[in-house]
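The lines below spell out each chain.
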Amino acid sequence: MRGSNQKILLMAMVVVAAVATARGGELGGFVTWSNNYYQTWGHQPLVINKTSELHLTLDHNSGTGFESLSLYGSGSFNVKIKAPETKSTGIITSFYLFSRSSRHDELCFQILGSNGPPYLLNTNMYLFGEGGKEQRFRLWFDPTKDYHSYRFLWNPNQLVFYVDDIPIRVYSKNPAAYYPMGQTMFIMGSVKNVSIMDPKQMPYIAKFQATKIEGCKTMFMDMDKKCTNPSFWWNRKQLNSTERKLYIKARNMYLDYDYCSDRKRYRQMPQECRSYS
């Protein structure tokens, strides 16, 4: 599907997703950064009006990173991001969940710098220390022009990556493959560079808005059974029929790369690929 028909379909997708979220009441309002996060490296972030908006700076000296004050064992984790406008493709704005261990688990969104459309969003997972599980998407919007929502749903049964409330990646629990439910994770974000930057464009500013954190707080490496309790709405959450249709359409239209299909990289399909819905 191309041209105007494609744009019309995406507009419909966004509207339907927004209505579904409003009915479910799953995403709360904004929260202040200082009550929930702290700077971990790089430049001092700029907090706008001491509220929910955070500006991260990248220049020739350093980028910037932040981390949540609390650890979580399950939840729905959402931020809104406006990526820096740049022609340097090595500039990466990231939002991720991360466990601190020698064999860590990680879920990651990475907005990649671009010379122009299509803008690419890379998603990745580390499962018990093993990465290289990228799925990359062509974004249907310009992530530098406005804020857009990026969200992880993490519960005992599935992991879901959402963009503007549209599910784009779903990893389900499978007895034959590792599922990341044994390690607690921090919420993290950053802007960094992995290539040569144009000095005329610096500094680059990545803007984040922090929304209400809906997650089960716990202690380091203590996966308390309370975090799998179905009393938390996110632990009961499964894709409904509308979300399933949005998921299939988004992947059919915008999936740019899937490691599960890369036979040059993996001669045999990785075992966990059977866990994707």
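An unreviewed UniProt entry lists the chain under the name Xyloglucan endotransglucosylase/hydrolase, with Cardamine amara subsp. amara given as the organism. Quoted straight from UniProt, the Sequence similarities (unreviewed entry) entry for the chain says "Belongs to the glycosyl hydrolase 16 family."

1. Some details on the overall build of the chain
Looking only at helices and strands, one finds three helices and 16 strands in the chain. Burial status across the chain gives 56% buried among its 277 residues. A separation threshold of at least 6 residues defines the contact pool for the chain, and within that pool the share at least 24 residues apart is 68%.

2. Points about the side chain of Ser-76
Looking at the element boundaries, Ser-76 is found in strand β5 (residues 71-82). A polar contact is formed between the side chain of Ser-76 and the side chain of Arg-151, at a distance of 3.1 Å.

3. A short note on the sheet that holds strand β4 (residues 64-68)
Ordered in space as β1-β4-β13-β6-β7-β8-β9-β16, the eight strands form an open sheet in which the pairing is antiparallel. On the outer flanks of this sheet lie β1 (37-42) and β16 (255-258), each paired with one strand and no other. Strand-to-strand twist in this sheet, taken as the mean axis angle between neighbours without regard to direction, amounts to 15°. Pairing of strand β8 (residues 120-126) with strand β9 (residues 135-138) involves four bridges; the strand directions are antiparallel. Bridging from a neighbouring strand, Leu-120 pairs with Arg-138 of β9.

4. Description of the environment of Gly-113
Relative to the helices and strands, Gly-113 resides in the loop between β7 (106-112) and β8. Exposure remark for Gly-113: the relative accessible area of 15% places this residue in the buried category. Residue contacts for Gly-113: discarding those within four places in its chain leaves Thr-86, Ser-88, Thr-89 and Ile-91.

5. Some details on the environment of Thr-89
Assignment of secondary structure puts Thr-89 in the loop between β5 and β6 (91-98). The sequence separation of Thr-89 and Leu-112 amounts to 23 residues, and the corresponding C-alpha distance is 6.2 Å. Discounting residues that sit within four places of it in the chain, Thr-89 has contacts with Gly-113, Ser-114 and Asn-115.

6. Structural notes on the packing of aromatic side chains
Within the structure shown, the criterion is met by 20 aromatic pairs. Residues Tyr-37 and Phe-66 carry aromatic rings whose centres are separated by 5.5 Å and whose planes lie at 85° to one another, so their mutual orientation is edge-to-face. Pair noted here: Tyr-37 is in strand β1 and Phe-66 is in strand β4, with a separation of 29 residues, a long-range link. According to the relative accessible area criterion, Tyr-37 is buried, its value standing at 8%. For the ring pair Tyr-171 and Tyr-179, a centre distance of 6.1 Å and an interplane angle of 0° mean the geometry is stacked. Ring pairing ties together the aromatic residues Phe-95, Phe-109, Tyr-150, Phe-152 and Phe-161, which thus form one cluster. Between Arg-100 and the ring centre of Phe-186, over which it is positioned, the NZ or CZ distance is 5.4 Å. Taking the ring centre of Phe-161 as reference, the NZ or CZ of Arg-169 above it sits at 5.4 Å.

Cut-offs used in this document
- Residues numbered from 1 in each chain as written.
- Predicted model: local features only at pLDDT ≥ 70, side-chain atom pairs only at ≥ 80, totals over all residues.
- Heavy atoms only, no water.
- UniProt positions renumbered as here; feature names shortened; annotations may be inferred.
- Helix = DSSP H or I, 4+ residues; strand = E, 2+ residues; numbered from the N terminus.
- Buried < 20%, exposed > 50% of the residue type's maximum accessible area, 1.4 Å probe, protein only.
- Contact = heavy atoms within 4.5 Å.
- Polar contact = N/O pair within 3.5 Å; in protein donor to acceptor, adjacent residues only side chain to side chain.
- Pairing = 2+ DSSP bridges.
- Axes fitted to C-alpha atoms, helices over the stretch in contact; angles between N-to-C directions.
- Phe/Tyr/Trp six-rings, centres within 6.5 Å; stacked < 30°, edge-to-face > 60°.
- Lys NZ or Arg CZ within 6 Å of the ring centre and 35° of its normal.

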